[in-house]
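# Observations on the three-dimensional arrangement
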Amino acid sequence: MTSLRRPAAVLAATLAAALLAAPGPATADRADAGRATVNGKHVIAISVDGLNPRALNRLGRAGAPNLHRLIKDEGAGTLNARTQLEMTVTLPNHTSMVTGRRIKASKGGHGVTWNDDKVTKTVQQAAGHDVASVFTQVHEAGGTTAVYATKSKFWLFERSWPKAVDKNVIQVEKNGAVVKALRSDLATDPASFSFVHLGKPDQVGHHSGWMSAKYLKAVAKMDALVGSIMDQVSSTPALRDNTVIVLTSDHGGIPGTKNHAIKTNREDYRVAFAFWGAGVAQKDLYALNPDRAKPGRSRPGFGASPQPIRNGEVANASLDILGVGPVPDSLWNVEQDLDWK
Ligand SMILES: [Zn+2]
C-alpha cells in the first residue's frame, strides 16, 4: 500500500517549474527547480532492522562490501553504538530514531511501547502531549520528507505527523521494492530527509535464528540494497555533493535464538551507527567524537556521562547535516554535537 502526499506549496513549485521549463528531456537543472531542499542538502537515514554487527565480521568485506565501505572504509562509523535502554524492539527504537527521545513517557520519552500494527494510537497519544520529530522540523524549515518501510506498523509515522510526512511508501516485507521506490525518487524528486527501513534480517532472524546461514544471507542482501542506494547517490550529479547517508539499527539479536527482546543482552543492545557521503570524515566514529564514551561491552545507563553513541541520535544528527536545529524537547544529541565531518 502506498499513500502519497505533497504540500500545496511544493506541488505549486513543481508545477511552476514544469511550466517554465522548456520542452525536452529533463535536466538536472530542471529537476532542481522543483525540488525543496534544506540548505541544498539531503539525508537518507537507513535502519537495517535486527542487524547484529557480528554479521558484518562474519560476512567480511567480501560478503558485505557495501556496509564495510559505508561504516569503515569510506565513512565515519562504529559497530559499537547502543540502542534505547528501556526496550530492544522495533517500533519503540525507530520512534526514538525519528523523535530523538527515550522511550518511557513519564521521563519525557515518546511512550511508544507497542510493536505491532494493531495499536492505532499516535505518538502524541502515547506520550500524552505534542511530540515533534525530524519530519516536523524538516518540514518547518521548508524541506520535504519521505518514509520507505517494510513493516505495516510504520504507518505510525504518517499517522502521527500527517502534515510533515510528505510521502509514505510501505511495502510489507518487500525490501527491494522500497529501495526501488527510494532510488526512483532520488533520481527525480529526492526528499530533503528520507527514512528507509529494511526489515529482512529481523524477519529471517525470527524464522531461522540470528547468525544462521539464512540470516547472514539476508544481511548480504541488505548490503547489496544499501550499495545500490550508495551508487545512486554517487552517480547522480544533483546528489553526490550534498547527500549524507546515516545508518543504524533498532536492535541486534541473540545468535542461535529467534529473540532480540532481552534489553540487557549485548547481542541485542549493540548496533552499528555510521555516516557516509558528502563531507563525511573517514574515521572511527568514537575517535571523531571524544565527547561520546566508548562503552566497551557495557550497557551505560541514562546517568552515564558521557553517553555512548545511540541509535536515537539519528533525528538530531540528520537535522544537523541539513542545517536545521534540534527536535524540541528531544534528548539524544540535542546539542547536535555528534560529529560526522
Ligand atoms: Zn523483531
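These numbers come from a predicted model, not from an experiment.

Criteria and thresholds
- Residues numbered from 1 in each chain as written.
- Predicted model: local features only at pLDDT ≥ 70, side-chain atom pairs only at ≥ 80, totals over all residues.
- Helix = DSSP H or I, 4+ residues; strand = E, 2+ residues; numbered from the N terminus.
- Buried ≥ 20, exposed ≤ 12 C-beta atoms within 10 Å, placed from the backbone.
- Contact = placed C-beta atoms within 7 Å.
- Pairing = 2+ DSSP bridges.
- Core = buried A, V, L, I, M, F, W, Y, C linked by C-beta atoms within 7 Å.
- Expected span 1.5 Å × (residues − 1).
- Axes fitted to C-alpha atoms, helices over the stretch in contact; angles between N-to-C directions.
- Parallel < 35°, antiparallel > 145°, perpendicular 65-115°, else oblique.
- Nonpolar A, V, L, I, M, F, W, Y, C, P; charged D, E, K, R; others polar.

## Remarks on the overall build of the chain
Scanning the chain from N- to C-terminus turns up 15 helices and 9 strands. Split into buried and exposed, the 341 residues of the chain put 53% on the buried side. Looking at the chain alone, contacts between residues at least 24 apart form 68% of all its contacts between residues at least 6 apart.

## A few points about the pairing of strand β8 (residues 270–277)
Taken across its 8 residues, β8 has 8 buried, putting it largely inside the fold. Side chains R270, A272, A274 and W276 of β8 all project onto a buried face; the interleaved residues V271, F273, F275 and G277 project onto the opposite face, where all are buried too. Here 5 bridges tie strand β7 (residues 243–248) to β8, and the two strands are oriented antiparallel to one another. Bridging from a neighbouring strand, V246 pairs with F275 of β8.

## What about the environment of Q137?
By secondary structure assignment, the location of Q137 is in helix α7 (residues 134–140). Taking the C-alpha atoms as reference points, Q137 and V327, 190 residues apart in sequence, are found 6.5 Å from one another. When neighbours within four sequence positions are excluded, Q137 is seen to be in contact with A132, L319, V324 and V327.

## Overview of the nonpolar core
Core analysis: the biggest nonpolar cluster contains 90 residues, and I245 and A274 have the highest contact counts within it. In terms of residues, this core owes the most to one element, helix α11 (residues 213–235), which gives 10 residues. The residues contacting A274, other than those within four sequence positions of it, are L70, I71, G75, A76, G77, L247 and L285.

## Side note on the pairing of strand β5 (residues 167–170)
Burial of the side chains of β5 extends over both faces: K167 and V169 are buried on one face and N168 and I170 on the other. Where strand β4 (residues 145–149) and β5 come together, 4 bridges link them in parallel fashion. Each bridged residue has a counterpart across the sheet, and for Y148 the counterpart in β5 is V169.

## Things to note about α11
Residues separated by three or four positions in an α-helix point in the same direction, a consequence of the helix having 3.6 residues per turn. With 23 residues, α11 should reach 33 Å at 1.5 Å per residue; the first-to-last C-alpha distance of 33 Å fits that figure. All of the buried residues in α11 are Y215, L216, A218, V219, M222, D223, L225, V226, I229, M230, Q232 and V233.

## Describing the packing of helix α4 (residues 65–73) against α11
Close contact between α4 and α11 brings their axes to 7 Å; oriented N to C, the two are set at 60°. On the basis of their axis angle, the class for α4 and α11 is oblique. Two secondary-structure elements touch here, α4 through P65, N66, L67 and L70 and α11 through D223, A224, V226, G227 and M230. Grouping the constituent residues of the contact of α4 with α11 by class yields 6 nonpolar, 2 polar and 1 charged.

## Some remarks on the packing of helix α3 (residues 54–63) against α4
The N-to-C vectors of α3 and α4 enclose an angle of 105°; their axes lie 7 Å apart at closest approach. On the basis of the axis angle, α3 is roughly perpendicular to α4. The residues of α4 that touch α3, namely those facing L56, R61 and A62, are P65, L67 and H68.

## What to know about the environment of V246
Along the chain, V246 falls in strand β7. Distance from V246 to E313, taken between C-alpha atoms, is 10.0 Å for residues 67 residues apart in sequence. In this view, V246 contacts V43, A45, F275, V314, A317 and S318; residues no more than four positions away in its chain are not counted.

## Let's talk about helix α5 (residues 90–99)
Among the 10 residues that make up α5, 10 are buried, leaving the element largely enclosed by the rest of the structure. Those residues of α5 lying buried are T90, L91, P92, N93, H94, T95, S96, M97, V98 and T99. G100 lies just past α5 and shows a positive phi near 75°.

## A closer look at unusual backbone geometry
Between S305 and P306 the backbone carries a cis peptide bond, its omega angle lying at -5°. Turning to its location among the elements, P306 is positioned in the loop between α14 (285–288) and α15 (314–322). Backbone geometry at M211 places phi at a positive 70°, although glycine is not the residue there. The residue M211 is located in the loop between α10 (200–208) and α11 in this model.

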